[in-house]
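One-letter residues, chain by chain:
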Amino acid sequence: MVYGAPRGPGRPMVSEHLYVACIGACVDLTAPPSREAQLAQRGKYIAFEGWEASGKSTQARLLSLRLDAVLTREPGGTALGVAIRDLLLGNGPAPTERAEALLFAADRAQHLAEVVEPALTEGSDVVTDRSYGSTLAYQGYGRGQSIEELMRLVEWSSGGLLPDLVIFLKVPVETADSRLGDHRDRMEREDVDFANRVIEGFNALAHADPGRWRVIDGSGSVDEVAERVAGVVGVK
């Protein structure tokens, strides 16, 4: 599937909504399904995280094909997100550190409302290339901003909807650098010290939340890494 094409749980912490199918014509007064039934019908929400050129985009695509899931990304999973992505990673004026964090949050708010939550509600799985972990690792550990403040921003912009599973693809900085080539976006041009702080941040996030995060060696061939991912997710 293409980025942002709604089709397929996240941990819902958003408010309940009442849907009326035929206002003024017919109203189904049947008791709504229980909370447990609604959760059982939701899709699974899986995010890939990691430093640049760690293989996230490739592995997200491959897993989405295995699961027949919605494939999406942050930033840039919506029309608005594409414009925000250009502001963040393009060659225009560089945002300040706070502005950068706020732009990523704006992209996430739009992305979750427009793509992720509708797909999960319909029972479709969602696989995303990046999520909230990147905000904490890049803007927090990388830029040195307050993790506590950024987490409040994440919670507010996401409405509390976080991935059920986060797969951190870990590769050495040297390996990632060799994969990047010469044409790099604003983030890819950051120095080795920044890259190491970001990777250290992902390690800390995975250690702090082992129930949600899994760390996978991103070295080796695409097929080898894909099999490691499949083993963690529990698919063939």
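Preceding block: the structure.
Calculation rules
Residues numbered from 1 in each chain as written. Predicted model: local features only at pLDDT ≥ 70, side-chain atom pairs only at ≥ 80, totals over all residues. Heavy atoms only, no water. Pairing = 2+ DSSP bridges. Helix = DSSP H or I, 4+ residues; strand = E, 2+ residues; numbered from the N terminus. Axes fitted to C-alpha atoms, helices over the stretch in contact; angles between N-to-C directions. Contact = heavy atoms within 4.5 Å. Core = buried A, V, L, I, M, F, W, Y, C linked by side-chain atoms within 4.5 Å. Buried < 20%, exposed > 50% of the residue type's maximum accessible area, 1.4 Å probe, protein only. Expected span 1.5 Å × (residues − 1). Arc of directions from axis to C-beta.

A.B. asks: So what about the sheet that holds strand 3 (residues 126-129)? Which residues, and what values?
C.D. replies: Across the sheet, which stays open at both edges, the five strands sit in the order 2-3-1-4-5 with parallel pairing between neighbours. The open sheet terminates on both sides in strands that have one partner only, identified here as strand 2 (70-73) and strand 5 (213-217). Across the sheet, the mean angle from the axis of one strand to that of its neighbour is 20°, orientation sign disregarded. Relative to strand 5, strand 4 (residues 165-170) is paired through five bridges, and the arrangement is parallel. Paired with Lys170 across the two strands is Asp217, which belongs to strand 5. Strands strand 1 (45-49), strand 2 and strand 3 of the sheet are contacted by helix 4 (residues 97-121), whose axis makes an angle of about 160° with strand 2. Set on the sheet, helix 5 (residues 132-142) makes contact with strand 1, strand 4 and strand 5; between it and strand 1 the angle comes to about 25°.

A.B. asks: Could you give an account of the environment of Ala206, with specific residues and numbers?
C.D. replies: Considering the arrangement of structural elements, one finds Ala206 in helix 8 (residues 192-208). Along the sequence, Ala206 and Val166 sit 40 residues apart, while their C-alpha atoms lie 8.5 Å from each other. Setting aside residues no more than four positions away along its own chain, Ala206 makes contact with Trp213 and Val215.

A.B. asks: Describe in detail the nonpolar core, supporting the description with residues and values.
C.D. replies: Most often, soluble globular proteins keep nonpolar side chains buried together rather than apart. Counting residues in hydrophobic clusters, the biggest one holds 30 residues, and the most contacted among them are Trp51, Tyr132, Tyr138, Val198, Phe202 and Trp213. When residues of this core are traced back to their parent elements, those giving at least two are helix 3 (79-89), helix 4, helix 5, helix 6 (147-158), strand 4, helix 7 (173-180) and helix 8. At seven residues, the largest contribution of residues to this core is made by helix 8. Apart from residues no more than four positions distant in its own chain, Trp51 is found in contact with Lys56, Arg130, Tyr138, Ala176, Met187, Glu190, Phe194, Ala195, Val198, Ile199 and Phe202. Leu63, Ala69, Ile167 and Val233 belong to the second-largest nonpolar core, a separate cluster that totals 15 residues.

A.B. asks: Can you tell me about helix 6, naming the residues and giving the values?
C.D. replies: The end-to-end C-alpha distance of helix 6, which contains 12 residues, comes to 16 Å, matching closely the 16 Å that a straight helix rising 1.5 Å per residue would cover. Looking only at helix 6, the buried set comprises Leu150, Leu153, Val154, Ser157 and Ser158. All buried residues of helix 6 lie within an arc of 110° about the axis, which places them on one face of the element. Facing away from the buried side of helix 6 by more than 90 degrees, the exposed set consists of Glu148 and Trp156. Buried positions along helix 6 lie against helix 4 and helix 5.

What is shown is where atoms sit, not what they do.
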